[in-house]
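# Chain and residue survey
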Amino acid sequence: MNFRNRTTLWLVFVVSIIMLWDNWQVYQGGDSLIFGSSVKKTAPATARQKRMEAREQALAEAKRAEELKLYGPSELIEVSTDLVKVKVDTRGGVIKYLELFNYRDATDKTRNRTLFDTNEPRTYLAQTGLIGGDFPNHKTGFMVKPGPRNTEQAKAVQLVLEGERNGVKLIKTFTLKRGDYAIDVKHEIINNSKETIKPSLYLQLLRDGEKPEGESKLTSTFTGPAVYTSKEKFEKIDFDEIEDSKTDHAKKADNGWFAMIQNHFVSAFIPAKKAEREIYTRLIDKGLYAVGNVLPLGKLAPGEKAVSESVLYAGPQDSLVMEELAVGLDLVKDYGLVTIVAKPLYNVLAKIHQYLGNWGWSIIALTVLIKLIFAPLSAYSYKSMANMKSVNPKIQEIRERYKGDKQQMNAAMMALYKTEKINPMGGCLPVVIQIPVFIALYWVLLASVEIVGAPWLGWITDLSIPDPYYILPLLMAGSMFIQQKMSPPPPDPLQAKIMMFVPVIFSVMFFFFPAGLVLYWVVNNVLSVGQQYYINKKYGGQPKKA
């Protein structure tokens with residue numbers, strides 16, 4: 001077997017083994033050796049730890065009782081549109097619950113997907129308040145003004161809450177609009193005290209450090225805070241970095257936004273433009289992390305007031321919507337190092353979907369389009385493989401003749417390649433050029449919320465979850481096996497046996513991959529088999545005589 005094919009096959013085999021082992025470790029609850037982990041592992045609790053946890057629980061109960069005494073009881077006020085249901089706590093004016101009507105829960109398809117929530121094991125909140133004195137904050141009791149609570153009779157609905165402390169009044173107004181995931185958040189600060197004050201407004205997203213329930217552990221994506229400024233651009237922050245106080249992100253700006261990201265969904269606060277702000281990330285409590293902004297409001301003399309307006313986006317990572325909402329917000333749909341290739345691919349996929357109306361057929365159409373674009377390169381690669389196959393008897397003869405002298409063997413090989421006008425690396429370059437495109441398309445399909453809940457046909461009712469009957473992974477394994485049979489076999493019998501397991505390894509890995517990703521690979525493999533068959537028939541011919 002020639003050097004190029006042997007190296008390529010060994011590379012595929014080694015990478016397959018590493019990826020399978022790494023993904024299996026993650027699937028079993030361990031950390032990824034390649035991508036790391038944003039979740040801290042915990043050892044089994046000892047008796048001492050259990051006593052400490054019981055004490056902490058008792059302290060927490062006492063703290064809640066004290067807060068009840070200081071701030072009064074809490075009540076959840078429900079507001080809804082055609083897209084979301086929101087529940088705001090009168091204690092602090094905190095958004096404690098946000099339900100997305102158009103998306104199903106990853107683990108229970110009878111329920112809708114939620115972002116903000118306080119039900120175990122999730123803690124995910126949007127908090128705002130004032131600092132700089134004993135002013136209303138996210139624990140203060142608020143009074144709710146009466147008004148409509150849904151958009152059935154209007155295009156928008158407002159929830160207005162008023163809280164006052166030491167003569168400083170804070171009015172929070174949440175405006176939800178029909179057909180929109182963006183919530184307008186207005187804060188009015190009125191100084192009814194007899195002294196000049198200098199308050200600052202904080203906007204904060206609080207979240208636990210766990211991955212969303214139901215997310216595939218073999219296709220793990222980033223979960224955690226992110227910030228954006230025009231100077232430092234898009235920055236992701238791992239929960240581990242916050243835990244270890246090793247964060248390195250923009251700290252001050254007069255623009256940008258901050259967010260909590262998870263696969264397919266995001267919550268992001270977007271303060272007003274040209275408003276000075278401090279950007280922070282903090283460990284709030286054990287396993288609870290915050291990202292936020294502090295916006296100075298200047299001095300307020302008695303009787304004066306200040307107004308601060310911002311937007312809270314909480315919903316799917318829809319690129320077109322996020323691009324219009326804020327500069328750089330579409331970057332939360334993170335394609336990593338292949339962003340420059342992935343974004344155009346997504347745009348093409350979205351255009352195709354406008355005509356076909358089905359994401360499964362759109363994936364197939366895009367795969368065919370990519371295959372057509374790279375057809376000349378693929379033809380060159382397969383032609384090179386066919387030529388190598390035709391001189392394989394001569395290569396075997398040289399190996400036998402110079403079995404004990406590698407230097408002479410290599411010299412004879414080079415002479416043969418030169419005589420036959422064959423480039424042993426001719427089949428590799430086209431493949432290398434296509435790799436970034438294939439990786440980019442992988443990330444496009446993994447990150448696109450549009451395929452969540454999207455059916456293809458028959459048994460594939462959701463392209464974002466694994467094939468329930470494993471039909472697509474088995475088809476992919478079969479197409480890979482056919483490709484191997486059509487390629488020149490390794491001269492080493494052991495290598496040949498090892499390479500026979502590559503389709504099996506890949507099919508096992510793909511059992512856990514979303515069906516949309518596997519569909520792409522199946523179509524790509526089928527097209528490759530057809531192309532390789534054509535090239536072999538056209539250029540293969542009979543083996544050249546030694």
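Please refer to the structure higher up on the page.
My aim in this report is to walk through the structure given alongside it, one point at a time.

## With respect to the overall build of the protein chain
The helix and strand inventory of the protein chain stands at 14 helices and 18 strands. Evaluated residue by residue, the protein chain yields a buried proportion of 48% over its 546 residues. Counted over contacts in the protein chain with a minimum sequence separation of 6, partners at least 24 positions apart contribute 64%. Carbon and sulfur atoms make up 58% of the accessible area of the protein chain, which totals about 27,800 Å².

## Let's talk about the sheet that holds strand 18 (residues 305–316)
Strands belonging to one sheet form pairs held by backbone hydrogen bonds; the direction of such a pair is parallel or antiparallel. Taking strand neighbours across the sheet as the criterion, the nine strands line up as 6-7-8-9-18-15-14-11-12 in an open arrangement whose pairing is antiparallel. On the outer flanks of this sheet lie strand 6 (143–144) and strand 12 (233–236), each paired with one strand and no other. Two strands pair when backbone bridges link them, and strand 7 (residues 156–165) and strand 8 (residues 168–177) are joined in this way by ten bridges, in the antiparallel orientation. Looking at the pairing, Val157 lines up with Leu176 of strand 8.

## Topic: the pattern of salt bridges
Inspection of every chain in the model, using the stated rule, returns 17 salt bridges. Between Lys109 and Asp462 there is a salt bridge, with its nearest N and O atoms 3.7 Å apart. Separated by 353 residues along the polypeptide, Lys109 in the loop between strand 3 (94–104) and strand 4 (112–114) and Asp462 in the loop between helix 10 (428–447) and helix 11 (471–486) bring together distant segments of the chain. Note on Lys109: relative accessible area 41%, which makes it partly exposed. Ionic pairing is found between Glu450 and Lys333, a salt bridge with its closest N-O pair at 3.8 Å. One end of the pair, Glu450, is in the loop between helix 10 and helix 11; the other, Lys333, is in the loop between helix 4 (319–325) and helix 5 (339–356), and 117 residues separate them in sequence.

## Observations concerning the side chain of Asn358
Tracing the backbone shows Asn358 in the loop between helix 5 and helix 6 (359–373). A polar contact is formed between the side chain of Asn358 and the backbone nitrogen of Trp361, at a distance of 3.0 Å. A distance of 3.5 Å separates a polar atom in the side chain of Asn358 from the backbone oxygen of Pro455.

## Notes on helix 6
Between its terminal C-alpha atoms helix 6 stretches 21 Å, which fits the 21 Å expected from 15 residues at 1.5 Å a residue. For helix 6, the full list of buried residues reads Trp359, Gly360, Ser362, Ile363, Ile364, Leu366, Thr367, Ile370 and Lys371. At the N-terminal boundary of helix 6, the capping side chain belongs to Asn358, with an oxygen 2.8 Å from the backbone nitrogen of Gly360.

## Considerations on the side chain of Thr114
Here Thr114 lies in strand 4. Setting aside its immediate chain neighbours within four residues, Thr114 contacts Tyr97, Leu98 and Glu99.

Quick notes on the rules
Residues numbered from 1 in each chain as written. Predicted model: local features only at pLDDT ≥ 70, side-chain atom pairs only at ≥ 80, totals over all residues. Heavy atoms only, no water. Helix = DSSP H or I, 4+ residues; strand = E, 2+ residues; numbered from the N terminus. Buried < 20%, exposed > 50% of the residue type's maximum accessible area, 1.4 Å probe, protein only. Contact = heavy atoms within 4.5 Å. Areas by Shrake-Rupley, 256 points an atom, 1.4 Å probe, with all protein chains shown as cover. Pairing = 2+ DSSP bridges. Salt bridge = Lys/Arg side-chain N within 4 Å of Asp/Glu carboxyl O. Polar contact = N/O pair within 3.5 Å; in protein donor to acceptor, adjacent residues only side chain to side chain. Expected span 1.5 Å × (residues − 1).

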